[in-house]
Amino acid sequence: SQQGEEDPQALSIQEGENATMNCSYKTSINNLQWYRQNSGRGLVHLILIRSNEREKHSGRLRVTLDTSKKSSSLLITASRAADTASYFCATEDNYGQNFVFGPGTRLSVLP
Amino acid sequence: DVKVTQSSRYLVKRTGEKVFLECVQDMDHENMFWYRQDPGLGLRLIYFSYDVKMKEKGDIPEGYSVSREKKERFSLILESASTNQTSMYLCASRMGVGLGDTQYFGPGTRLTVL
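This write-up is about the structure you can find in this document. (Residues numbered from 1 in each chain as written. Chains lettered and ligands numbered in written order. Predicted model: local features only at pLDDT ≥ 70, side-chain atom pairs only at ≥ 80, totals over all residues. Heavy atoms only, no water.)

1. Some remarks on the overall build of chain B
Secondary structure summary: chain B contains zero helices and 11 strands in total. Against the 2.2 N^0.38 benchmark of 13 Å for 114 residues, chain B shows a C-alpha radius of gyration of 13 Å, consistent with a compact globule. Sorting the 114 residues of chain B into buried and exposed places 51% on the buried side. Considering only contacts in chain B between residues 6 or more positions apart, those separated by 24 or more positions represent 55%. For chain B, the accessible surface area stands at approximately 5,500 Å², while carbon and sulfur atoms represent 51% of it. (Helix = DSSP H or I, 4+ residues; strand = E, 2+ residues; numbered from the N terminus. Rg over C-alpha atoms; globule rule 2.2 N^0.38 Å. Buried < 20%, exposed > 50% of the residue type's maximum accessible area, 1.4 Å probe, protein only. Contact = heavy atoms within 4.5 Å. Areas by Shrake-Rupley, 256 points an atom, 1.4 Å probe, with all protein chains shown as cover.)

2. Some remarks on the environment of F20 of chain B
Residues and elements named next belong to chain B. Among the structural elements, F20 can be located in strand β3 (residues 19-25). Classification of F20 by relative accessible area gives partly exposed; the value is 44%. With 83 residues separating them in the primary sequence, F20 and Q103 have C-alpha atoms 22 Å apart. Residues in contact with F20, not counting those within four places in the same chain, are L11, L76 and I77.

3. Some words on the nonpolar core
Counting 21 residues, the largest nonpolar core has W34, I46, L76, L78 and Y89 of chain B as the members making the most contacts within it. By size, the runner-up hydrophobic cluster in this structure holds 20 residues, among which are L32, W34, V63 and V109 of chain A. (Core = buried A, V, L, I, M, F, W, Y, C linked by side-chain atoms within 4.5 Å.)

4. Observations concerning the packing of aromatic side chains
Counting across every chain of the model gives eight aromatic pairs over all chains. Taking the centre distance of 5.5 Å and the plane angle of 90° together, the rings of F101 of chain A and Y35 of chain B count as edge-to-face. A residue pair is termed interchain when its members come from two chains, as with F101 of chain A in strand β10 (residues 99-101) and Y35 of chain B in strand β4 (residues 31-38). In this pair, the class of F101 of chain A matches that of Y35 of chain B, namely buried. On the basis of an interplanar angle of 25° and a centroid distance of 6.0 Å, the ring pair of F33 of chain B and F48 of chain B is categorised as stacked. (Phe/Tyr/Trp six-rings, centres within 6.5 Å; stacked < 30°, edge-to-face > 60°.)

5. Points about the interface of chain A and chain B
When the parts come together, some accessible area is lost, and that loss is often what is quoted as the size of the interface. Across the contact, 22 residues belong to chain A and 19 residues belong to chain B. Here chain A meets chain B over a buried area of about 1,600 Å², counting both sides, of which 51% is carbon and sulfur. Contact with chain B buries area across many residues of chain A, yet L43, F99 and F101 of chain A alone supply 27% of it, more than any other trio. Linking chain A to chain B there are one salt bridge. Residues R94 of chain B and E92 of chain A are paired through a salt bridge, measuring 2.4 Å at the closest nitrogen-oxygen approach. Counting the contacts that link chain A with chain B gives four residue pairs in polar contact (both at pLDDT 80 or more). (Buried area = accessible area lost by both parts, 1.4 Å probe. Salt bridge = Lys/Arg side-chain N within 4 Å of Asp/Glu carboxyl O. Polar contact = N/O pair within 3.5 Å; in protein donor to acceptor, adjacent residues only side chain to side chain.)

6. Remarks on the sheet that holds strand β1 (residues 5-7) of chain A
Residue and element names in this part refer to chain A. Spatial ordering of the open sheet is given by β1-β3-β8-β7-β6, a layout of five strands whose pairing is antiparallel. At either end of the open sheet lies a strand with only one pairing partner, and these are β1 and β6 (55-58). Averaged over all adjacent pairs, the angle separating strand axes in this sheet is 20°, with direction ignored. Direction of pairing for β6 relative to strand β7 (residues 61-66): antiparallel, over a ladder of four bridges. Along β7, the bridge assignment pairs H57 with R62. (Pairing = 2+ DSSP bridges. Axes fitted to C-alpha atoms, helices over the stretch in contact; angles between N-to-C directions.)

Written out as structure tokens, the structure reads:
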């Protein structure tokens, strides 16, 4: 089955800096979604990008998708300590039958 | 506001015990999912259900069963708990099979099997 894999596994930055996380996957997708998980909690949906889109914005979040490279990136601008969390990408195929999460990137934003 | 609740945040059980994890959603969603989350492995799908009394195996169904008697409730059952089932269990629901529908997650149950 296809699998999203985030890179890096862990990222530590100072408040105010930008954070970039990458996701790679293996097979054709319909869409790719990014989720956030605060420590010990459930996941919260952040943003979705479809396979025919290249870039999407939501507040301080910017997501890009390169289907030729089978990769996506999540950029968080002007990071805050409250952005400290794990971030997961999830891919969905064209049949809606495979919704696969990667292992996540743990982001620490230091005040 | 959408809500998915799980019966326990923390649970400690002994090897061989039967364990029930309950999940309830109040959004009238068709689809419900059970995942387990382990460090370095991300979320892995155990079972999902697309309708009442319907269930499908996910990637790692061994050692688990599920029950969906009502639309809003999806239960995960560990018939005989083992130590390798110590994990974080996450329930999620989703409106339908429309591509791009968001999954809504519960807060998770951290299960420890001794």
